[in-house]
Structures are given as C-alpha cells and as structure tokens.
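Coordinate analysis (summary)
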Amino acid sequence: MFSALIVHARPEPALALTLSRLVEAAMAGLLADVAVLDLAADPLAQRLCDDGACALIRPRGEARSAFAEAARRARADWLLVAASGLAPAPGWAAQARETLALAQAHGPGFSGALFAVRPRGLLARLSPPDGVALARRDLFARAAISPARPGRDAFAAARRAGRVRRLDGLCDDERG
C-alpha cells in the first residue's frame, strides 16, 4: 500500500482530475490515505478534500518543511507525490502494484518509480523528467522537495537512494 500527497501550489481546477485518478488505486486496494498540501489557500481544495475524505494541510510556515511534515504523517511506507494538475494515466494502478512488488523483492535497494509525463516540444527530452513519483516515504525526510516541482524532486531523491523505474507516458499533465 501507499499514501498519496498532492501539492497544490496555485489555484488549479485540475486538482479534481488528480484526485479522481487516485480512485483506481483505492479500488485496487493500494491506497492507504490521501493528503493535499494546499499552498494556495484554495476554497476548491477545501471542498474537494471534504467531499473525498482527504486530509487538507494548510501550512503556516515554510512550504518545504510542511512537505516533509506531511510526508512523515503518511500512513504507508511508500508515498505517491504529485503536483495538482498531474495525474497518472488510466491503467496506472497495475504499474504501481508491480512497482511495490519489485520493491518488496529487491528490499531497500529499490527506492521508487516515476510515472513520467510525455515530453512535449523539440527540446523537451533534454529537460529533466516530470510526473508523479512513487517512492519510499523515508526518502522525503532527508530530501529537499520543492513545492514547485514535487514529482521531479521526489524522483531525483529516489534515484540518489537506489534503483528506480521510469514509466514514460503514464502521466497526464493538465496544469495551466
């Protein structure tokens, strides 16, 4: 099982898409809990969290420390991290289950996966991958995760910690 942490840095109607795609993992019995780190104080985030029984975290201090604290509060040992507006593509839960099985088989040497956004544009392949990261929760206590790019930073932390998978094209980007 894994927990999910959605970083909502600006008012974004696509937060609903991100949360709705987590239903697939919940139906597969993979999702322990969901939290939204609302850095935008968005009333829509409040309503979506109330309707979806998600924890809403509105930090009073620095965003990076709020992220680390939210990661520590997660119920599961693995954490899915995404920016609002990024959503795993339909069918992603099977890949998440496979990732967790690989982690169990390889032990602590396997640290995570990235459901990567398809690169766009001519020079897109030259930029670091972005998407939704699934990684061991303990990595986030030590990593410096930027609220502006939580998936990319989470994947980089997982890569530094051990073996990772990159699953290209398994993430939709609806950020404005």
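Anything mentioned here points back to the structure above.
Residues numbered from 1 in each chain as written. Predicted model: local features only at pLDDT ≥ 70, side-chain atom pairs only at ≥ 80, totals over all residues. Heavy atoms only, no water.

**Notes on the overall build of the chain**
Across its full length, the chain holds seven helices and eight strands. In terms of C-alpha radius of gyration, the chain reaches 15 Å, essentially the compact-globule figure of 16 Å for 176 residues. Overall size of the chain, expressed as C-alpha extent along the three principal axes, is 40 × 40 × 30 Å. Burial analysis of the chain (176 residues in total) assigns 51% to the buried set. Contacts in the chain between residues at least 24 apart in sequence constitute 74% of all its contacts with a sequence separation of at least 6. Accessible surface, the chain: about 8400 Å² in total, of which carbon and sulfur atoms supply 52%. (Helix = DSSP H or I, 4+ residues; strand = E, 2+ residues; numbered from the N terminus. Rg over C-alpha atoms; globule rule 2.2 N^0.38 Å. Buried < 20%, exposed > 50% of the residue type's maximum accessible area, 1.4 Å probe, protein only. Contact = heavy atoms within 4.5 Å. Areas by Shrake-Rupley, 256 points an atom, 1.4 Å probe, with all protein chains shown as cover.)

**Structural notes on the environment of Gly169**
Structurally, Gly169 is set in strand β8 (residues 163-173). Given a relative accessible area of 11%, Gly169 falls into the buried group. Considering only alpha carbons, one finds Gly169 and Arg118, 51 residues apart in sequence, at a separation of 4.7 Å.

**Observations regarding the nonpolar core**
Ranked by size, the top nonpolar core spans 33 residues in total, and within it Phe2, Leu19, Leu22, Leu80, Trp92, Phe115 and Leu134 carry the most contacts. Of all hydrophobic cores here, the second largest spans 24 residues; its members include Leu37, Phe67, Ala143 and Ala158. (Core = buried A, V, L, I, M, F, W, Y, C linked by side-chain atoms within 4.5 Å.)

**What about the pairing of strand β1 (residues 2-8)?**
Extensive coverage of β1 is indicated by the burial of seven of its seven residues. As paired elements, β1 and strand β2 (residues 31-38) share seven bridges and run parallel to each other. By the bridge assignment for β2, Phe2 is matched with Leu31. Sheet analysis places β1 next to strand β4 (residues 78-83), joined by six bridges and oriented parallel. If you follow Leu5 over to β4, its bridge partner there is Val81. (Pairing = 2+ DSSP bridges.)

**Some points on unusual backbone geometry**
Within the chain, Ala41 stands out as a residue other than glycine whose phi angle is a positive 50 degrees. Here Ala41 lies in the loop between β2 and α3 (43-52). In this structure, Ala53 is a non-glycine residue whose phi angle is positive, near 55 degrees.

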